[in-house]
Amino acid sequence: MNTNRSVPRRAALAATAAAVGLILAACGTDDSTNTAGTASGTSTTTPAPSEAEQHNKADVSFAQGMIPHHRQAIVMSNMAQSHGASDEVKALAERIKKAQQPEIDAMAGWLRAWGERVPSGMEGMDGMGHGDDDSTLPGMMDDEDLDRIGNAQGNAFDTMFLIHMIEHHEGAIDMAETEKRQGLHGPAKTLADDIITSQTAEITQMREMLKNG
């Protein structure tokens, strides 16, 4: 361009700029928008993964462990409706039960969307890495414990229910905190935070109920 004296410099610069623009448009990549040029010079945007597709091992472990844990809380809460003596215990049990089912439904939906297994029943999950026995989730009652509390009535049931539910809640909090350290993110992390907050408050309430008889 500089050696061609017959072409005015401004015109040459304009022509060159136009040519460069056409070349860039044809090749077109833009890292800021994650687009790639096509043969016709148009661009397409790569869609971000949907919320359901964004997950990791911690998210899966959290959901697969918390579902049976929540189901046992529902079983214990149902016992309180027929076995308990105190209206305060029955009201607490009803509130716990109502909180668990929507969370179970949400976590089961995540697992299905991720192509992962939805646990059935109240099974413990092997390889969770919680507690001394990996086959038992923290705070979960075994069949013998469930039979023992199921055979109690009245004030004796109330006391056993509160003691075991405190342990159960502490187990859920431990699971949530453990999986958070493993890298929970998105809706799984939000739910873990909610569980920690709500169940910590309920533990405080239950300890007060035990102290007051």
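For clarity, every value in this text was computed on a predicted model and none was experimentally measured.

What about the overall build of the chain?
Move 1: Each helix and strand counted, the chain has six helices and three strands in total.
Move 2: Taken from the N to the C terminus, the helices and strands of the chain come in the order α-β-β-β-α-α-α-α-α.
Move 3: Out of the 213 residues in the chain, the part that is buried amounts to 36%.
Move 4: Put simply, the chain shows about 12000 Å² of open surface, and 52% of that area lies on carbon and sulfur atoms.

Side note on the nonpolar core
Move 1: Counting 45 residues, the largest nonpolar core has F62, M66, M107 and F161 as the members making the most contacts within it.
Move 2: At the level of elements, α2 (57-83), α3 (87-114), α4 (143-150), α5 (154-181) and α6 (186-211) are the ones that each hand at least two residues to this core.
Move 3: It is α2 that contributes the most residues to this core, 11 residues altogether.
Move 4: If we ignore the near neighbours within four places in the chain, the residues touching F161 are M76, S77, A80, V89, A93 and I149.

Looking at the pattern of salt bridges
Move 1: Within this structure, the stated rule accounts for eight salt bridges.
Move 2: A salt bridge links R148 to D145, with the nearest nitrogen and oxygen atoms 2.7 Å apart. Here D145 and R148 lie together in helix α4, a separation of three residues that amounts to about one turn.
Move 3: Between K180 and D193 there is a salt bridge; the shortest N-O distance is 2.6 Å. Taken together, the positions of K180 in helix α5 and D193 in helix α6 put the pair 13 residues apart, joining distant regions of the chain.
Move 4: With a relative accessible area of 31%, K180 lands in the partly exposed category.
Move 5: Several salt bridges share partner residues, and in doing so they unite E94, K97 and K98 into one network.

Structural notes on the packing of α5 against α6
In helix packing, the relevant descriptors are the interaxial angle and the interaxial distance, both defined with respect to the helix axes.
Move 1: One can describe the packing of α5 onto α6 by two numbers: an axis separation of 9 Å at closest approach and a directional angle of 155°. As the angle between them shows, α5 and α6 are arranged roughly antiparallel. Handedness of the α5/α6 crossing: left-handed.
Move 2: Residue composition of the contact of α5 with α6, by class: 14 nonpolar, four polar and seven charged.

What to know about the confidence of the model for the chain
Move 1: Across the chain, the average pLDDT comes to 78, with 68% of residues at or above 70.
Move 2: Ignoring residues within four places in sequence, the model shows residues 22-49, a span with pLDDT below 50, making 22 contacts including any to other chains.

Side note on the packing of aromatic side chains
Move 1: Taken as a whole, this structure holds two aromatic pairs when the rule is applied.
Move 2: Note on F157 and F161: the rings are 5.8 Å apart at their centroids and 25° apart in plane angle, and the pair reads as stacked. In this pair, F157 and F161 are both assigned in helix α5, four residues apart and thus about one turn of the helix distant. Across the pair, F161 and F157 agree in class, each one buried.

What to know about α2
Move 1: End to end, α2 covers 39 Å across 27 residues, agreeing with the expected 39 Å (1.5 Å per residue, within 8%).
Move 2: For α2, the tally of buried residues reaches 20 of 27 residues, placing the bulk of the element in the interior.

Describing the environment of T178
Move 1: Positionally, T178 belongs in helix α5.
Move 2: On a C-alpha basis, the gap between T178 and A192 in space is 9.9 Å, while along the polypeptide they are 14 residues apart.

What counts as what
- Residues numbered from 1 in each chain as written.
- Predicted model: local features only at pLDDT ≥ 70, side-chain atom pairs only at ≥ 80, totals over all residues.
- Heavy atoms only, no water.
- Helix = DSSP H or I, 4+ residues; strand = E, 2+ residues; numbered from the N terminus.
- Buried < 20%, exposed > 50% of the residue type's maximum accessible area, 1.4 Å probe, protein only.
- Areas by Shrake-Rupley, 256 points an atom, 1.4 Å probe, with all protein chains shown as cover.
- Core = buried A, V, L, I, M, F, W, Y, C linked by side-chain atoms within 4.5 Å.
- Contact = heavy atoms within 4.5 Å.
- Salt bridge = Lys/Arg side-chain N within 4 Å of Asp/Glu carboxyl O.
- Axes fitted to C-alpha atoms, helices over the stretch in contact; angles between N-to-C directions.
- Parallel < 35°, antiparallel > 145°, perpendicular 65-115°, else oblique.
- Left-handed = near helix turned anticlockwise from the far one by under 90°.
- Nonpolar A, V, L, I, M, F, W, Y, C, P; charged D, E, K, R; others polar.
- pLDDT = per-residue confidence, 0-100.
- Phe/Tyr/Trp six-rings, centres within 6.5 Å; stacked < 30°, edge-to-face > 60°.
- Expected span 1.5 Å × (residues − 1).

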